Amino acid sequence: MLEIKNVSKIYGEGTAQVVALNNVFLQVNKGDFLAVMGPSGSGKSTLLNIIGGLDNLSSGEVILEGKRIDNLDENALVAIRRGKIAYVFQQYHLLPSLSALENVLLPLTFCGASRERNKAVEMLKKVGLEKRAEHKPSELSGGEQQRVAIARALVSDPSLILADEPTGNMDQKTGRQILSLFDELNTDGHTVIMVTHNPETARHAREIIVLQDGQILDKTGRR
Amino acid sequence: MKLYQIVIKDILRRKRRVLYAAMGVVVGTMTVIGILTIAFAGEARIYNQLEKYGPNLTVIPAISNLDMRLGDLSLGTLTVGENFISEKTLPEIRQIADGEIRQALGIKDDGNIATIAPKLYINTELKGISVMVVGVDPLEEQKIKTWWRIQEGEYLQLADQALAGPVAAELLGLNIGDKIALNGNDVTVAGILDESGSSDDYQVFVPIITLQKAFDKQGLVSSIDIRALCIACPVEVIADGINSSIPGVRAVAVKQVAAAEMDMMDKVNKFMLALAGITLVVGLFAVINTMMASVNERIKDIGIMRAVGASRNQIIKIFVYEAVIIGIVGGIFGYITGTLLAYIVGPLIFEGIAITYIPQYLPLSLTLATLIAVAATVYPAFQATRIKVADSFRAL
C-alpha cells in the first residue's frame, strides 16, 4: 500500500547541508506493523514526516495506494490527512483548551462530520478513557493523553497510522499498555508505522528496519 | 463541535492575552468615537447659536433710493418703486429656495424645507400713540423667532388676536383680554411677549390676514423672511435666484456671524479627525503586533490542527473568528471609553458644550474595531498556514 522510492531529504544549503535521508527505498504492505529504528539524527522522524506529507522531500517518490503523494498541493494533502493517514506523536500534541472528547472530535469537526459525536465516544471507550472524556489534557497523565491521541487518530478511520516515538515520554508500564493498544489496532487490520529507538518497543512490530545516517541498514522479518 | 466553539474555548483559556490584543483596538476606536462625539456636540452648539440669528434671507420691495444731486449740492433722495410685494410671489420664492436647497443637499422628498415668513408693517395709532403693527403668518413666524417666549397669555391662535411686545404693552397699558381697534376692527390681546431686546419689544403682532383686511392691503406684504438652516444651504444662490426671476423684489443674504464660527468648527473637526486617523493607524500596528504574537505562540496548535485535517481556510477562519470577537469586545469598550473621553475632554476644548452619548456610534465603533482586528489578523494567520506542519512542531 505504501511505496517509497529513492527518497532523499537534504536540509540547509551549500557547506551547511545535512543529508537526513539518502536514497531510501521501502515497501509497506496493508496490515503491516513496521518499526523504524535508529539512533537520534538517523533520519527516522524525517522519514515519517515525509510519508505523512508533514514535510517535503528533496528527491524521490512516495506512493500511497497507487498514487504519488509527495508532489501534492495543500488541499490534496488535507484530504489525505482527513482519511488516509493519521498521526500519533511523542508529545501527544493535544489542544490544551479542549477536553479529551473534544480533542477526539477535532478531526471530525474539520471534515464537517462534527455530529458524529458517538463515534468519538466509541473511540474513547476503545482506548479505555470514556470516564475521562470531559477532562482537559492538563488533568490527564501522559499515558492517558497518548490514549486520547490514539483515539483521535482512529476516529477518522485511517488506512495508515504513523506513530513517532509514541511511548518515548512514558514509564515502562504505561508504555507497555500503549504498545498493546497498537498491537490491537494492527490485529484489527490497521497498517502501522512506528518510529522508536527502543528495541523493546520495536519488538511489538512485525517488521523492523534500522536507519543510520539516512540509509536503511537492515531489513529482517520478526515474530 | 463547531469551529467557533474551538475559538471560544481557546479565548477563554487565554483571557488575558485576548484582552491585551483588544486594548489596541480599544485605543483606536476610543479616539475616533471620542472625537466624533465632541464634534457632534460642538456642531449642535453652533446650530443653537445660528438659530438666534433668525432668517438668513430677507426679501424686500425693490425700492431704489436715488440721491438727487446737483454738483455738490444734495437735493435729498427720491424713492422709486412699490412699497409692497405681492403675496403671489410667495409660492415662487418657496420654489426657488426649496429647489436650491434640494439641489445642494441632494434631498429627494418634496415637502416644504425653508421657513418662509411674510410680514406686513403698518404704522398706526392705538389709543393716541403711534405704534408699529406687524402682520405675521403665526406658524412660520414662530419658526423664525425661536427665541420668542410668552410672558403672559398665549401665542396667536385665532385671526382676531394680537400679541404685544412688552414695551408696547406697557406704553399702551395693555392686558390680556383687552380689545384694541385696528382701523375700526377689534382684536383681542391674547399674549404679551418676553423682553428680547430687539425691535419686537415695541411692536404689536397680529395675523397678517387680519391686518391686510383692516387696512385694505389685501394680497400685499412688506417683506419676507426666509430661513434655510443648514451649513451647506446656498443662501447666496437662493438670493441670486430670487433677484433674477422675480421682478420688483430684492433678496438680501443676511450676514451670518455664526457662519464664520461654523467654518472654524469645521476646520477643528477636520484636524481632530486627522488625529483620530493617525491614532487608528498606530492602533492598527499595535493590533498587528499583538495578533502576530498571538499567532506565533500558537504555531504548534496550528500544526496540530493541520495534522488532524484542518485546511488552510479553516485555520484562517479560526483566527478571523477570534479577531471578530476581539473586535466586538474592543468596539464596545472603545465606544464606552470614547464617550467618557468626550465627556471629560469636550468641555476643555469648547466652552459650554453639552456632550451627549450617541447610540448610533455604537455600530460604527463595532464595525471599525472589527475591521481593525480582522485586518490585523488575516496576514499573520495566512503566514502561519504556510509553515510546514513538521516545522511548526519544531517551533517551540
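These figures come from a predicted structure and were not determined experimentally.

About the criteria used
- Residues numbered from 1 in each chain as written.
- Chains lettered and ligands numbered in written order.
- Predicted model: local features only at pLDDT ≥ 70, side-chain atom pairs only at ≥ 80, totals over all residues.
- Helix = DSSP H or I, 4+ residues; strand = E, 2+ residues; numbered from the N terminus.
- Buried ≥ 20, exposed ≤ 12 C-beta atoms within 10 Å, placed from the backbone.
- Contact = placed C-beta atoms within 7 Å.
- Expected span 1.5 Å × (residues − 1).
- Axes fitted to C-alpha atoms, helices over the stretch in contact; angles between N-to-C directions.
- Left-handed = near helix turned anticlockwise from the far one by under 90°.
- Nonpolar A, V, L, I, M, F, W, Y, C, P; charged D, E, K, R; others polar.
- Pairing = 2+ DSSP bridges.
- Arc of directions from axis to C-beta.
- Core = buried A, V, L, I, M, F, W, Y, C linked by C-beta atoms within 7 Å.
- pLDDT = per-residue confidence, 0-100.

## Things to note about the overall build of chain B
Along the backbone of chain B there are twelve helices and 14 strands. Taking all 396 residues of chain B together, 37% fall into the buried category.

## Considerations on the overall build of chain A
Across its full length, chain A carries seven helices and ten strands. A buried classification covers 50% of the 223 residues belonging to chain A. Within chain A, contacts between residues separated by at least 24 positions form 67% of all contacts whose residues are at least 6 apart in sequence.

## Topic: helix α5 (residues 142-154) of chain A
Residue and element names in this part refer to chain A. Its 13 residues place the ends of α5 18 Å apart at the C-alpha level, agreeing with the 18 Å of an ideal helix rising 1.5 Å per residue. With eleven of its 13 residues buried, α5 lies for the most part within the structure. All buried positions along α5 are accounted for by G143, Q145, Q146, R147, V148, A149, I150, A151, R152, A153 and L154.

## Let's talk about the packing of helix α3 (residues 89-105) of chain B against helix α7 (residues 235-245) of chain B
Residues and elements named next belong to chain B. One can describe the packing of α3 onto α7 by two numbers: an axis separation of 9 Å at closest approach and a directional angle of 145°. Between α3 and α7 lies a crossing whose hand is right-handed. Contact residues: α3 offers I93, I96, A97 and E100, while α7 offers V237, I238, G241, I242 and S245. Classifying every residue of the contact of α3 with α7 gives six nonpolar, two polar and one charged.

## Structural notes on the interface of chain A and chain B
The interface of chain A with chain B comprises 25 residues on the first partner and 19 residues on the second. Every element with two or more residues in the side of chain A that touches chain B is listed here: α2 (74-81) and α3 (100-110) of chain A. Element by element, the count of residues in the side of chain A that touches chain B is highest for α3 of chain A, at six residues. Of the residues assigned to the side of chain A that touches chain B, the class counts are eleven nonpolar, eight polar and six charged.

## Focus on the pairing of strand β3 (residues 33-37) of chain A
Residues and elements named next belong to chain A. In terms of residue burial, β3 counts as a mostly covered element, since five of its five residues are buried. Alternating residues of β3 divide into F33, A35 and M37 and L34 and V36, and every residue in both groups is buried. With four bridges connecting them, β3 and strand β9 (residues 207-212) associate as parallel partners. Residue pairing for β9: L34 is matched across the bridge by E207.

## Some thoughts on helix α6 (residues 172-187) of chain A
Residue and element names in this part refer to chain A. Its 16 residues give α6 an end-to-end C-alpha distance of 22 Å, which sits within 8% of 22 Å, the value for a rise of 1.5 Å per residue. Among all positions in α6, only G175, I178, L179, L181, F182, L185 and N186 are buried. Within α6, the buried residues cover an arc of 150° as seen down the axis, which keeps them to one side. Summarising the geometry of α6, the exposed residues directed more than 90 degrees from the buried face are K173, S180, E184 and T187. In the core, the buried residues of α6 are packed alongside β3, α5, β7 (160-164), β8 (191-195) and α7 (199-202).

## A look at the nonpolar core
Counting 118 residues, the largest nonpolar core has V36, V104, A151 and I193 of chain A as the members making the most contacts within it. Examining the composition of this core, we find that 13 residues originate from one element, helix α2 (residues 15-51) of chain B, more than from any other. Contact partners of I193 of chain A, with chain neighbours within four places excluded, come to V28, L34, V36, L48, I51, L160 and L162 of chain A.

## A look at the sheet that holds strand β1 (residues 2-11) of chain A
All names here are of chain A. The four strands lie next to each other as β2-β1-β4-β5, forming an open sheet whose pairing is antiparallel. Edge positions in the sheet fall to β2 (18-28) and β5 (67-68), since each has one partner strand and no second. Bridging between β1 and β2 involves seven bridges; their strand directions are antiparallel. In the strand pairing of β2, L2 is matched with V28.

## A short note on unusual backbone geometry
One non-glycine residue, E65 of chain A, lies in the positive phi region at around 45°. Positionally, E65 of chain A belongs in the loop between β4 (59-64) and β5. Residue classification places E65 of chain A among the partly exposed residues on the basis of 13 C-beta atoms within 10 Å. The phi torsion at K127 of chain B lies on the positive side, around 50°, for a residue other than glycine. Judged by the 11 C-beta atoms lying within 10 Å of it, K127 of chain B falls in the exposed class.

## Quick look at the confidence of the model for chain A
Mean pLDDT over chain A stands at 89; residues scoring 70 or higher make up 97%. For chain A, the element scoring lowest by mean pLDDT is strand β10 (residues 215-221) of chain A, at 68; β8 of chain A scores highest, at 94.

## Describing the confidence of the model for chain B
Chain-level pLDDT for chain B is 83 on average; 88% of the residues reach the 70-or-more range. At the level of chain-chain contacts, confidence expressed as ipTM amounts to 0.91, with global pTM at 0.66.

## Side note on the environment of V206 of chain B
All names here are of chain B. Within the fold, V206 resides in strand β11 (residues 203-207). Judged by the 28 C-beta atoms lying within 10 Å of it, V206 is buried. Through-space distance from the C-alpha of V206 to that of L156 is 7.5 Å; in sequence the pair is 50 residues apart. Aside from chain neighbours lying at most four places away, what touches V206 is V133, G135, A162, L182, V187 and L211.

## Let's talk about the environment of D171 of chain A
Residue and element names in this part refer to chain A. As for its placement among the helices and strands, D171 is situated in the loop between β7 and α6. Residue classification places D171 among the exposed positions, given that 10 C-beta atoms sit within 10 Å. Put simply, D171 and G142 are 29 residues apart on the chain and 9.3 Å apart in space, counted from C-alpha to C-alpha.

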